[in-house]
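# Structural overview for review
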Amino acid sequence: GIYAAYSAAREGADVILLENDDNIGGMHVQGNVQGYYYGAKGGTYEEDDKMCFSNDVYIGKGTFPFLKQSLYTKRLSDIGVNLLCGYTPTGVVFDEIRAIGLCALDGEKIINIGAKMIVDATSDGHIIRMTNVPKKYGREIDGKTVPFTVRTQFMKDGIYVAVNTDSGFLNQYDAREFSKK
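In what follows, the accompanying structure is described. (Residues numbered from 1 in each chain as written. Predicted model: local features only at pLDDT ≥ 70, side-chain atom pairs only at ≥ 80, totals over all residues. Heavy atoms only, no water.)

## Thoughts on the packing of helix α1 (residues 2–10) against helix α3 (residues 65–79)
Packing of α1 against α3 brings their axes to within 9 Å, and their N-to-C directions diverge by 25°. On the basis of the axis angle, α1 is roughly parallel to α3. Handedness of the crossing formed by α1 with α3: left-handed. Contacts from I2, Y3, A5, Y6, A9 and R10 in α1 reach Y72, R75, L76 and I79 in α3. (Axes fitted to C-alpha atoms, helices over the stretch in contact; angles between N-to-C directions. Helix = DSSP H or I, 4+ residues; strand = E, 2+ residues; numbered from the N terminus. Parallel < 35°, antiparallel > 145°, perpendicular 65-115°, else oblique. Left-handed = near helix turned anticlockwise from the far one by under 90°. Contact = heavy atoms within 4.5 Å.)

## Thoughts on a nonpolar patch on the surface
Residues F94, I128 and V133 make up a contiguous nonpolar surface patch of about 230 Å² in total accessible area. Relative to the assigned elements, I128 resides in the loop between β7 (110–114) and β8 (146–156). (Patch = residues over 30% accessible without salt bridge, like charges linked within 9 Å, V, L, I, M, F, W, Y side chains within 5 Å. Areas by Shrake-Rupley, 256 points an atom, 1.4 Å probe, with all protein chains shown as cover. Salt bridge = Lys/Arg side-chain N within 4 Å of Asp/Glu carboxyl O.)

## Considerations on α1
Considered for burial, the residues of α1 that qualify are I2, Y3, A5 and A9. Buried residues of α1, seen end-on, are gathered within an arc of 160° and therefore sit on one face of the element. On its buried face, α1 is in contact with β1 (16–19), α2 (44–51) and α3. A positive phi of about 105° marks G12, the residue just after α1. (Buried < 20%, exposed > 50% of the residue type's maximum accessible area, 1.4 Å probe, protein only. Arc of directions from axis to C-beta.)

## As for the pairing of strand β6 (residues 99–105)
Regular strands place side chains that alternate from one sheet face to the opposite one. Pairing analysis gives six bridges linking strand β5 (residues 88–94) to β6, with the strands arranged antiparallel. Considered in β6, the bridge of P89 is made with A104. Here β5 hands over to β6 after four residues, the two strands then running antiparallel side by side. Bridge count between β6 and β7: five bridges; the pairing is antiparallel. Paired with G101 across the strands is G114, a residue of β7. Counted along the chain from β6 to the antiparallel partner β7, the turn is four residues long, and its residue G107 has a positive phi close to 100°. (Pairing = 2+ DSSP bridges.)

## Quick notes on the sheet that holds β5
One open sheet holds the three strands; their spatial order is β5-β6-β7, and the pairing between them is antiparallel. This sheet does not close on itself; its edge strands, each paired only once, are β5 and β7. Strand-to-strand, the axes of this sheet are offset by a mean angle of 25°, without reference to chain direction.

This is how it looks when you write it as structure tokens:
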């Protein structure tokens, strides 16, 4: 979502980034996942991870989520992205044939946001799941829907260590399979 918003704003679009949490950034920021996109090396993710590396004597060594948070909040604000944190999408508004906006709740009031385009960058397609658009879940070969990764973060010898463990594909809607992984 962060990179989609930034790219669209850089191309001249008026952009609103809705974030359900109090701060922007899903797994890449709050989960502190680094360079995890299909194992691809290089690119903006890797450059940003390096920019957010700390050797600070107080915080320790490593890439920390709050450093990413600051970087992305400033980057998006500087380019004119309107950040709306603490808003939960509650519905998609349609005209006759296409999505033209979103409804969102900030805990107290519902707002309506008109849009020429909606990018669903939620972890599990939460926005598209609110629509009556026909959906198909899972891969053709085995019906599995997502790779399941466990993220472990810890300090070792004064250095922040973060490790991804790939547990393979699973159907996250099957409670037994999810628990087993």
